[in-house]
Amino acid sequence: MLAVGAIAFVYTVVMAGGTLTIPLYVLWASQFGFGSLTTVVVFIAYVVGVVGTLLVAGSLSDAVGRRPVLALSLALTALSTVGFALADGLTVLLISRVLSGVATGLITATATSAIAELVRGRRTAAVLSTAANVGGLSLGVVAAGVLAQCVTAPTHTVFWCYLATCAVAGVVWLVIPETADKTAGRSVRWQPRIRRPVLPDGASRVRSFVASGVLVAASSGVNGFFSSLAPAFLRDDLGVSNFAVIGLGVGTLFISALLAQTVTPAALVRRDIGTALLAVGMIVIEAALWTHSAPLFIVGTVFAGAAVGTLFRHGLSVTDALCDPGNRAELTATYFLFLYSGLVGPVLVLGLADQAVGTRASSTMLAALVVSTALVGLVLGRRTESTSTPDTFSRPSTHRTPVEENHE
């Protein structure tokens, strides 16, 4: 359990770095003189780092081991943190966000695979992995908001404090054992090249995996909004100026997602429930923006966060069930490609539309795009159910998850 806790802690710390910047965008925008579209570009730089790393190095830990990749991810996180602390313009911000994205891309598949290799039971492993992932996201934005409100020079102090946390994580890394199969994934020497995303064998299993991927991509549109423009929306449209409140408002999404992943009964971790929660959340958030109601915004955020957590946990369970020992990190990396690719389109549309037609119309476009994408994933999942045969998931390493078997 010590090893699992150490991996989860390092995973949480690195993921926190991905959201530490969220409450500070409004300060950088004022300091460096950029608007909503540039804010989106800075956020997308992070996504580019994640997606590029998943494509090039998603299977790296299958070949060289989990420990070295975890160490590399933590080192890149520390380097990006120094960049943020010393940033004197947009260029440094962009470079630092790319480095932060690379760190995230390295750790998502690696830490998730390492936890699955140490923990008995796919459901438990999925809960621990998602708790570390989303728990880190929530801690990062809330802590940054509170610190920004309480300290001087928040765009510097927040990151020096976080760098100290990275140092602690480096010490914790020392107790992490190697968990990768030393024979299954190392027969071929790893080379840095763009790899085609892998899919499981069998048409029905591919449809199940892709359906989960499309749904988590849809929920990522919500994450993208909260990770880029939500602080500016809260300040300009809902009149919230306190950084701690902004951090907590955005963090509510991740906290709700975390609770949905860790305390929701398995019977409720379903595609249809997650899609319904997503639709309700987006409708309520839209109503809040049109009526300028901060309390209504929080209510919608809770529903949307529950949807994000439900769909993420369901998809991760499906992915783990379809993994073979030699390609666990590679297939997990493909799942995270769905997740992070879903961030780009909706957020870019939002940034462009916000400057062209204003906040209300652009947010309505985002809501429609997110919900329609989720419905596509739901329909694809239904088709999988109707076409599956009893032996579709017959291989021991690729059987259906309890979530799919009992509740879909």
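Residues numbered from 1 in each chain as written. Predicted model: local features only at pLDDT ≥ 70, side-chain atom pairs only at ≥ 80, totals over all residues. Heavy atoms only, no water.

A.B. asks: Where do I start with the packing of aromatic side chains in this structure?
C.D. replies: Working definition: an aromatic ring pair is given by the centre-to-centre distance plus the angle between the planes. By the definition in use, this model includes 12 aromatic pairs. Taking the centre distance of 6.0 Å and the plane angle of 55° together, the rings of Phe312 and Phe336 count as tilted. On the criterion of sequence distance, the pair formed by Phe312 in helix H13 (residues 294-321) and Phe336 in helix H14 (residues 328-357) is long-range, its members being 24 residues apart. Judged by relative accessible area, which is 0%, Phe336 ranks as buried. An aromatic cluster is present here, built from Tyr25, Trp28, Phe84 and Phe159 joined pairwise through their rings. Over the face of the ring belonging to Trp173 we find Arg67, whose NZ or CZ atom lies 4.2 Å from the ring centre. (Phe/Tyr/Trp six-rings, centres within 6.5 Å; stacked < 30°, edge-to-face > 60°. Helix = DSSP H or I, 4+ residues; strand = E, 2+ residues; numbered from the N terminus. Buried < 20%, exposed > 50% of the residue type's maximum accessible area, 1.4 Å probe, protein only. Lys NZ or Arg CZ within 6 Å of the ring centre and 35° of its normal.)

A.B. asks: I'm lost on helix H11 (residues 243-262) in this one. Help?
C.D. replies: In an α-helix there are 3.6 residues to a turn, and that puts residues three or four apart on one side. In this model H11 runs 28 Å from its N-terminal to its C-terminal C-alpha over 20 residues, within 8% of the 28 Å that 1.5 Å per residue would give. If you look at H11, its biggest bend is around 35°, right at Gly251. The opening residue of H11 is Asn242, an N-cap whose side-chain oxygen sits 2.8 Å from the backbone nitrogen of Ala244. (Expected span 1.5 Å × (residues − 1). Bend = angle between axes of the 7 residues up to and from the residue. Polar contact = N/O pair within 3.5 Å; in protein donor to acceptor, adjacent residues only side chain to side chain.)

A.B. asks: I keep staring at the side chain of Ser228 and nothing clicks. Help me out?
C.D. replies: Within the secondary structure, Ser228 sits in helix H9 (residues 203-228). The buried category is assigned to Ser228, whose relative accessible area is 2%. A distance of 2.6 Å separates a polar side-chain atom of Ser228 from the backbone oxygen of Gly224. Sequence-distant contacts of Ser228, defined by excluding residues within four places in its chain, comprise Tyr25, Thr39, Phe43 and Val347. (Contact = heavy atoms within 4.5 Å.)

A.B. asks: Just checking my understanding: could you explain the pattern of salt bridges for this structure?
C.D. replies: Two side chains of opposite charge can pair, provided their charged atoms sit close to one another. The tally for this structure, following the rule as stated, stands at four salt bridges. Asp62 serves as the salt-bridge partner of Arg66, at 3.0 Å between the closest nitrogen and oxygen. Here Arg66 matches Asp62 in class, with each residue buried. Note that Glu117 is salt-bridged to Arg66, the shortest N-O span being 2.5 Å. Of the two residues, Glu117 is situated in helix H6 (residues 90-118) and Arg66 in helix H5 (residues 66-86); the sequence distance between them amounts to 51 residues. Via salt bridges that share partners, Asp62, Arg66 and Glu117 belong to a single interconnected network. (Salt bridge = Lys/Arg side-chain N within 4 Å of Asp/Glu carboxyl O.)

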